[in-house]
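# Structural overview for review
For reference, the chains in residue letters:
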Number of protein chains: 2
Amino acid sequence: MSGKIYVIGIGPGDTKMMTQEAADALRSSDVIIGYKVYTDLIRDICKGKDIIESGMREETDRCERCISLAREGKTVALVCSGDAGVYGMASPMLEIASRSGFSDVEVICGVTAALSGSAMLGAPVGHDFCVISLSDLLTPWDLIEKRLKLAAEADLCIVLYNPASRTRSGHLKKACEVMLTKLPPNLPCGYTKNIARSGSTAQICTLKELCSIDADMTTTVFIGNSATIIRGGWLITPRGYKTK
Amino acid sequence: MSGKIYVIGIGPGDTKMMTQEAADALRSSDVIIGYKVYTDLIRDICKGKDIIESGMREETDRCERCISLAREGKTVALVCSGDAGVYGMASPMLEIASRSGFSDVEVICGVTAALSGSAMLGAPVGHDFCVISLSDLLTPWDLIEKRLKLAAEADLCIVLYNPASRTRSGHLKKACEVMLTKLPPNLPCGYTKNIARSGSTAQICTLKELCSIDADMTTTVFIGNSATIIRGGWLITPRGYKTK
């Protein structure tokens, strides 16, 4: 009998910020597969289970491994930080599964950093917003720049994922310079680091100041829109415009 | 002694899709305040607590009530469906709290429909995306149209919230017609209804077909981008472009 595959978004880090559904799916799985940083975060829930840790860029192998384990009858949990969909493993897993004729895959959503980071800062994503990754590993930088400009023109709050990595620095500065051609330097912005993990921080600043922050892999950046305000130490985007 | 206010995103509906943190905050609260449809969803967790149900458009009153209860020493939970931030109560609550000089407010994030609906359809929000509400109660329709056009030009996946209500019909059709000026009629799209509640459904269709679906208050709409594909019954946006 064939097993099944769960693609699970475990949320930002602390298991308290995981959904009950995700925790239940982990508990019902025989094998847990994921990048080591993520499997470490859920070690308590996964006690006694087979844990297969994989490196950062072995996504296709990881998905194929899930399928072969499921075909042996195992229930397999493929874990992602944040949500399973947003820059997560759901899309490669579903694509590879459909190519292999394997259909018993269930995607279990989780809280992505746009939401958990927003809660730390106040409510920057209180109204229309977009999420854009600054990683140009798989997306041409020109397209990223185009999206940033159009999002700024659309007056959307912009949440930036992957502003920096060990091999990419300077991307956030470049992105801010692009946005400064469309948006005012004193626009209310903010950023978070290590959401729901030790050393977590949230900081409010201006768009100009964002250019020179020390971003790393754990940083999530929030660019306000024209309605965003700073009140009582919170970054707030009101839900409507007519009230302003 | 003054109490505190939690603004809690309870997720899409089923309490299994709530985070542990949200459930803990509800359990530690003395009073639960929210729109009746939402407080009904969490009645089991809130047994024995004071529940104050309020109508749809009494947001300011609800926030002021929270503050006066907290000033009496109560721990108050203000509940929102989905996330606390995204079109939720976090922004009015923080704004009113800061105006009143009340600072002990904590925002507890939750899974928003862009994530839970995406998981039902596959992985439409696998890469850069935006969330736009079609409600023109507080946002001028011209601005909504402008955002839709620019988001389509930016080749972002677009998630539409509030495509219809009892008093607003035809907004989704108008929005689709705007997007059809920029996007192909056969673009892979999808929609969900009643996520994580009884009668939940997920349907894949084209942008052209979206024009004439029967949307209601529980509908969340997903517009793919140029990379979005349909495979094995799933709607998938790949994580990168170079692999295509």
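Keep in mind the model is a prediction, meaning the values are calculated, not measured. (Residues numbered from 1 in each chain as written. Chains lettered and ligands numbered in written order. Predicted model: local features only at pLDDT ≥ 70, side-chain atom pairs only at ≥ 80, totals over all residues. Heavy atoms only, no water.)

### Quick word on the packing of helix α6 (residues 141–153) of chain B against helix α7 (residues 171–180) of chain B
Residues and elements named next belong to chain B. Running from N to C, α6 and α7 cross one another at 45°; their axes reach a closest spacing of 9 Å. Considering their axes alone, α6 and α7 lie oblique with respect to each other. By crossing handedness, the relation of α6 to α7 is classed as right-handed. Across the interface between the two elements, Trp-141, Glu-145, Leu-148 and Lys-149 of α6 pack against His-171, Lys-174, Ala-175, Val-178 and Met-179 of α7. Its residues assigned to classes, the contact of α6 with α7 shows 5 nonpolar, 1 polar and 3 charged. (Axes fitted to C-alpha atoms, helices over the stretch in contact; angles between N-to-C directions. Helix = DSSP H or I, 4+ residues; strand = E, 2+ residues; numbered from the N terminus. Parallel < 35°, antiparallel > 145°, perpendicular 65-115°, else oblique. Left-handed = near helix turned anticlockwise from the far one by under 90°. Contact = heavy atoms within 4.5 Å. Nonpolar A, V, L, I, M, F, W, Y, C, P; charged D, E, K, R; others polar.)

### Section: helix α5 (residues 113–121) of chain A
Residues and elements named next belong to chain A. Across the 9 residues that make up α5, a large majority, 8, are buried. Residues of α5 that are buried: Ala-113, Ala-114, Leu-115, Ser-116, Gly-117, Ser-118, Ala-119 and Leu-121. Gly-122 sits one or two positions beyond α5 and adopts a positive phi of about 135°. (Buried < 20%, exposed > 50% of the residue type's maximum accessible area, 1.4 Å probe, protein only.)

### Here's the deal with the relation of the copies chain B and chain A
Screw-axis analysis of chain B against chain A gives a translation of 0.0 Å along the axis, an RMSD of 0.0 Å, and a rotation angle of 180°. On this basis, the relationship between the two copies can be described by a two-fold rotation axis. When the interface residues of chain B are mapped onto chain A, 100% of them are again interface residues, pointing to one common binding face. (Least-squares fit on C-alpha atoms with pLDDT ≥ 70 in both.)

### Some remarks on the pairing of strand β1 (residues 4–9) of chain B
All names here are of chain B. Taking burial as the measure, the 6 residues of β1 include 6 buried ones, the bulk of the element. Side-chain alternation along β1 places Lys-4, Tyr-6 and Ile-8 on one buried face and Ile-5, Val-7 and Gly-9 on a second face that is also buried. One ladder, built from 6 bridges, connects β1 with strand β4 (residues 75–80); its direction is parallel. Pairing of Ile-5 across the sheet is with Val-76, part of β4. With 4 bridges connecting them, β1 and strand β5 (residues 105–108) associate as parallel partners. (Pairing = 2+ DSSP bridges.)

### Observations regarding the packing of aromatic side chains
Residue and element names in this part refer to chain B. A complete count under the given rule lists 4 aromatic pairs over all chains for this structure. Between Tyr-35 and Tyr-38, the ring centres sit 5.3 Å apart and the planes meet at 85°, which makes this aromatic pair edge-to-face. Of the two residues, Tyr-35 and Tyr-38, both sit in the buried class. Judged by centre distance (5.4 Å) and plane angle (50°), the rings of Tyr-87 and Tyr-161 are tilted. Taken together, the positions of Tyr-87 in the loop between β4 and α4 (90–100) and Tyr-161 in strand β8 (residues 157–161) put the pair 74 residues apart, joining distant regions of the chain. The same class applies to Tyr-87 and to Tyr-161, which are both buried. The lysine or arginine in question, Lys-174, covers the ring of Trp-141, its NZ or CZ lying 4.4 Å from the ring centre. (Phe/Tyr/Trp six-rings, centres within 6.5 Å; stacked < 30°, edge-to-face > 60°. Lys NZ or Arg CZ within 6 Å of the ring centre and 35° of its normal.)

### Side note on the domain arrangement of chain A
All names here are of chain A. Under the domain assignment, chain A is made up of domain 1 (4–108) and domain 2 (113–236). Spacing between the C-alpha centres of domain 1 and domain 2 amounts to 28 Å. Tallying the contact residues gives 12 residues for domain 1 and 11 residues for domain 2. Together, the buried faces of domain 1 and domain 2 total about 810 Å²; carbon and sulfur atoms form 61% of this surface. Put simply, domain 1 and domain 2 have 0 salt bridges between them. Classifying every residue of the side of domain 1 that touches domain 2 by side-chain character gives 8 nonpolar, 2 polar and 2 charged. (Domains from an automatic or database assignment. Buried area = accessible area lost by both parts, 1.4 Å probe. Salt bridge = Lys/Arg side-chain N within 4 Å of Asp/Glu carboxyl O.)

### Structural notes on the pattern of salt bridges
In the structure shown here, the tally under the stated rule is 22 salt bridges over all chains. Close ionic contact of Lys-36 of chain B with Asp-40 of chain B constitutes a salt bridge, the shortest N to O distance being 2.9 Å. In this pair, Lys-36 of chain B and Asp-40 of chain B both sit in helix α2 (residues 36–41), 4 residues apart, roughly one turn of the helix. Given the relative accessible area of 40%, Lys-36 of chain B is considered partly exposed. Several salt bridges converge on common partners, so that one network encompasses Lys-36, Asp-40, Arg-43 and Glu-53 of chain A.

### Considering the side chain of Thr-228 of chain A
Residues and elements named next belong to chain A. Residue position: Thr-228 is located in the loop between β11 (219–223) and β12 (229–231). At a separation of 2.8 Å, a polar atom in the side chain of Thr-228 contacts the main-chain amide nitrogen of Asn-225. Beyond its immediate sequence surroundings of up to four residues, Thr-228 is in contact with Cys-157, Pro-188, Leu-235, Ile-236, Thr-237 and Pro-238. (Polar contact = N/O pair within 3.5 Å; in protein donor to acceptor, adjacent residues only side chain to side chain.)

### Here's the deal with helix α7 (residues 171–180) of chain A
Residues and elements named next belong to chain A. For α7, every residue scored as buried is listed here: His-171, Leu-172, Ala-175, Cys-176, Val-178 and Met-179. Here the buried residues of α7 occupy an arc of 155° about the axis, which is enough to place them on one side. The elements touched by buried residues of α7 are α6 (141–153), β8 (157–161), α8 (207–210) and β11. (Arc of directions from axis to C-beta.)

### Observations concerning the interface of chain B and chain A
Contact residues are listed per partner, giving 69 residues for chain B and 69 residues for chain A. For the pair chain B and chain A, the summed buried area comes to about 5,700 Å², and 64% of that belongs to carbon and sulfur atoms. Our count for the contact surface shared by chain B and chain A stands at 6 salt bridges. Salt-bridge contacts for Glu-59 of chain B lead to Arg-239 of chain A; the nearest nitrogen and oxygen are separated by 3.1 Å. Taken together, the links from chain B to chain A amount to 34 residue pairs in polar contact (both at pLDDT 80 or more).

### Here's the deal with the nonpolar core
Judged by nonpolar contacts, the single largest core of 92 residues is most densely connected at Ile-5, Val-7 and Met-93 of chain A together with Ile-5, Val-7 and Met-93 of chain B. Setting aside its immediate chain neighbours within four residues, Val-7 of chain A contacts Leu-78, Cys-80, Ala-84, Met-89, Ala-90, Met-93, Val-105, Glu-106, Val-107 and Ile-108 of chain A. Judged by nonpolar contacts, the second largest core, of 62 residues, contains Cys-130 and Cys-176 of chain A together with Leu-134 and Leu-187 of chain B. (Core = buried A, V, L, I, M, F, W, Y, C linked by side-chain atoms within 4.5 Å.)

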